[in-house]
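Fold and geometry: a report
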Amino acid sequence: MTAQEYELAVDVRGLIKRYGGVTAVDGIDLGIRRGEVFGLLGPNGAGKSTTVEILQGNRDRDAGEVSVLGSDPATGTRAWRSRVGIVWQDESAPAELTVRETVRHFAGYYPRPRDPEEVIALVGLEAKAESRIKALSGGQRRRLDVALGVIGGPDLLLLDEPTTGFDPAARRQFWSLIRALADDGTTIVLTTHYLEEAEALVHRLAIVAKGRIVAEGDPGTLRERYGTEATVAWTEPDGTPRAERTGTPTRTVTELTHRFGGEIPGLTVSRPTLEDVYLRLTGQSQEEAR
Ligand SMILES: Nc1ncnc2c1ncn2[C@@H]1O[C@H](COP(=O)(O)OP(=O)(O)OP(=O)(O)O)[C@@H](O)[C@H]1O
């Protein structure tokens, strides 16, 4: 099948995967468009990694139809594999090689690789190009892993928890990298535990809990659909902080304005974050989530 013959980069229907008595994936449907950055979010054990591994062709399934770039990953050819970029959690690149040597070496595996120097720059490792892998920090190592995932010039990049262990600055740099790849037309599917990462990066996301998708959409729509109430908070004249959840925050503020005869001390009006929606849908309390 050629690139023009399939509409969805990833098309999954009724996916089921069991490990013995555990149903890790329990009937997932996914339609990910070409050029989209798509996030899979969910608590530990929700089935995200299993789903991504099946998309990569690295894990078999018990039921369901799966099409990735027009092919079934279970029978993906070498040519198909060269179009799907995978970022391994534990890349076993030789520790004695330099960054430049490693990226060049991996480029040799692909029919139409990207320019190694361009890829090293894309992941922000120019200054480390001559460093041996064993001398890289954890975050730099992870960026090298991403470089190796994109060196083949993939049409689809699958990332399983790409920024785990990153410091905040490295995480933001990584987001820029993902945006640059997306701007280049690469379809990107990533799993993450970080809600702010999803808000910052993805066009659409699916929230997964216990092997099922419990919500799907763009972050703004999910916030609106599942978190309609706002929180109005203020401070009473005796200094007591008060907060009220309401579907009509303007009315609450108007009432308070009358009551206070003008300015309302300590007034804030906040809309639910994606995190609030996520915790509600996955049934996790704030405490459990920490
Ligand atoms: N190789 C395996 N053998 C047996 N059970 C497994 C295996 N891999 C995963 N599981 C189980 O399948 C379920 C889903 O696991 P999975 O790793 O897909 O979840 P996840 O959403 O990626 O979790 P996390 O966020 O912790 O990475 C869990 O109950 C897990 O214990």
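What you are looking at is a predicted structure, and each value in this text was computed from that prediction instead of being measured.

Some thoughts on the side chain of T192
Within the secondary structure, T192 is located in strand β7 (residues 187-192). Among the residues examined, T192 registers a relative accessible area of 1% and is labelled buried. At a separation of 3.0 Å, a polar atom in the side chain of T192 contacts the side chain of E197. Residues in contact with T192, not counting those within four places in the same chain, are L40, L41, G42, K48 and E197.

Quick notes on helix α9 (residues 249-260)
Between the first and last C-alpha of α9 there are 16 Å, a value that for twelve residues agrees with the 16 Å anticipated at 1.5 Å per step. Listed as buried for α9 are P249, T252 and L256. Looking down the long axis of α9, one finds its buried residues gathered within 60° of arc, a one-sided arrangement. Exposed residues lying more than 90 degrees from the buried face of α9 are T250, R251 and H258. Where α9 is buried, its residues contact β10 (230-235), β11 (241-246) and β12 (268-270).

Focus on the pattern of salt bridges
This model, assessed by the stated rule, comprises 21 salt bridges. The residue D72 makes a salt bridge to R61 at a minimum N-O spacing of 2.8 Å. Of the two residues, D72 is situated in the loop between β4 (63-68) and α2 (78-81) and R61 in the loop between α1 (48-56) and β4; the sequence distance between them amounts to eleven residues. Here E117 makes a salt bridge to R104, at a shortest N to O gap of 3.3 Å. Highlighted residues: E117 in helix α4 (residues 116-122) and R104 in helix α3 (residues 99-107), separated in sequence by 13 residues.

Concerning the sheet that holds β4
The three strands are arranged β2-β1-β4 in an open sheet whose pairing can be described as antiparallel. Looking along the sheet, the strands with just one partner apiece sit at the ends: β2 (22-33) and β4. This sheet shows a mean twist of 15° between the axes of neighbouring strands, independent of strand direction. As defined by bridge partners, strand β1 (residues 8-19) adjoins β4 across five bridges and the pair is classed as antiparallel. Bridging from a neighbouring strand, D11 pairs with S67 of β4. Sheet strands touched by α1: β1, β2 and β4. Its angle to β1, the strand with the most contacts, is close to 120°.

Looking at the site of the ligand
Lining the immediate surroundings of the ligand are 14 residues, of which G45, K48, S49, T50 and H193 lie closest. When the ligand sits alone it has 640 Å² of accessible area, and the protein chains cover 62% of it. For the shell around the ligand, the secondary structure elements donating two or more residues are β2 and α1. Ranked by residue count, the leading element in the shell around the ligand is α1, at three residues. Among the residues making up the shell around the ligand, the classes are represented as five nonpolar, six polar and three charged.

Some words on the domain arrangement of the chain
It is common to give the size of an interface as the accessible area lost on bringing the parts into contact. Along its sequence, the chain is organised into domain 1 (34-60 + 72-218) and domain 2 (225-289). Taking only C-alpha atoms into account, the centre of domain 1 sits 38 Å from that of domain 2. Summed over both sides, the interface between domain 1 and domain 2 buries roughly 850 Å², with carbon and sulfur atoms accounting for 76% of that surface. Summed over the three residues of domain 1 that lose the most area to domain 2, namely P43, L195 and I207, the buried surface amounts to 49% of that side. Inspection of the region where domain 1 meets domain 2 yields zero salt bridges. A total of four residues in the side of domain 1 that touches domain 2 trace back to one element, the largest contributor, which is strand β8 (residues 204-209). Residue composition of the side of domain 1 that touches domain 2, grouped by class: ten nonpolar, one polar and two charged.

Some words on the pairing of β8
Burial of β8 is extensive: six of the six residues sit out of reach of the surface. What you see with β8 is no split at all: R204, A206 and V208 on one side and L205, I207 and A209 on the other are buried throughout. Of the pairings in the sheet, the one linking strand β3 (residues 37-41) to β8 comprises four bridges and is parallel in character. Bridging across to β8, L40 finds its partner in A206. Here β8 runs beside strand β9 (residues 212-217); their pairing, made up of five bridges, is antiparallel. Note that in β9 the partner of V208 across the bridge is I213. The loop that links β8 with its antiparallel partner β9 comprises two residues; one of these, K210, has a positive phi angle of about 50°.

Definitions and limits used
Residues numbered from 1 in each chain as written. Predicted model: local features only at pLDDT ≥ 70, side-chain atom pairs only at ≥ 80, totals over all residues. Heavy atoms only, no water. Helix = DSSP H or I, 4+ residues; strand = E, 2+ residues; numbered from the N terminus. Buried < 20%, exposed > 50% of the residue type's maximum accessible area, 1.4 Å probe, protein only. Polar contact = N/O pair within 3.5 Å; in protein donor to acceptor, adjacent residues only side chain to side chain. Contact = heavy atoms within 4.5 Å. Expected span 1.5 Å × (residues − 1). Arc of directions from axis to C-beta. Salt bridge = Lys/Arg side-chain N within 4 Å of Asp/Glu carboxyl O. Pairing = 2+ DSSP bridges. Axes fitted to C-alpha atoms, helices over the stretch in contact; angles between N-to-C directions. Near = heavy atom within 4 Å. Areas by Shrake-Rupley, 256 points an atom, 1.4 Å probe, with all protein chains shown as cover. Nonpolar A, V, L, I, M, F, W, Y, C, P; charged D, E, K, R; others polar. Domains from an automatic or database assignment. Buried area = accessible area lost by both parts, 1.4 Å probe.

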